[in-house]
Amino acid sequence: MRFLSRRLVMQGDLNYANALFGGRALEWIDEEAAIYAICQLETNSLVTKHMGAISFESPAKLGDVVEFGLATKAVGRTSITVSCLVRNKATKKTICFADDIVFVRVDAQTQRPEPHHKTLEMLQSQTLKELRTLNLDTGE
């Protein structure tokens, strides 16, 4: 899982208990996962179809930097399924984990599902190439 995106918890992101509001965390997860899926499938004609299990593990407080780790879990004919781990940048403590986030490629005009012509192997290879161009350590 690569952690390439971060956000600062601001006053407007807090709930009544002065911790990151769960709804805000879910909004961020949906946005970050969508951006990830758009980059993976090289199209912005995607819709969120499903979010599976979401578990909240620990709070994020005002001023915390949270980071988003995303990974491709599965690839279908028209869909991509990703997982997202949100953790505290400083402590590495898990804030929440969202599993089985499914995006479907749709035709821009009809909004009907359409094939994306990608495989999991193709996406893994594509990701490694992108990381090399960014001079990021690929762990190899």
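Check the entry above for the structure.
Criteria and cut-off values
- Residues numbered from 1 in each chain as written.
- Predicted model: local features only at pLDDT ≥ 70, side-chain atom pairs only at ≥ 80, totals over all residues.
- Heavy atoms only, no water.
- Helix = DSSP H or I, 4+ residues; strand = E, 2+ residues; numbered from the N terminus.
- Expected span 1.5 Å × (residues − 1).
- Buried < 20%, exposed > 50% of the residue type's maximum accessible area, 1.4 Å probe, protein only.
- Core = buried A, V, L, I, M, F, W, Y, C linked by side-chain atoms within 4.5 Å.
- Contact = heavy atoms within 4.5 Å.

### A short note on helix α1 (residues 22-41)
So, step 1. Here α1 spans 28 Å end to end across 20 residues, near enough to the 28 Å set by a 1.5 Å rise per residue.
So, step 2. All of the buried residues along α1 are Ala25, Trp28, Ile29, Glu32, Ala33, Tyr36, Ala37, Gln40 and Leu41.
So, step 3. Just past α1, the residue glutamate 42 takes up positive phi, approximately 55°.

### Examining the nonpolar core
So, step 1. Within the largest apolar cluster, 25 residues are counted, with the highest numbers of intra-cluster contacts made by Ile29, Val66, Phe68, Val86, Ile101 and Phe103.
So, step 2. For this core, the elements supplying multiple residues, two or more each, are α1, β4 (65-75), β5 (79-88) and β6 (94-105).
So, step 3. In terms of residue count, the dominant contributor to this core is α1 (7 residues).
So, step 4. Contacts of phenylalanine 103, omitting those with residues within four sequence positions, involve Asp30, Ala33, Ala34, Ala37, Leu46, Val47, Thr48, Lys49, Thr78, Ser79, Ile80 and Val82.

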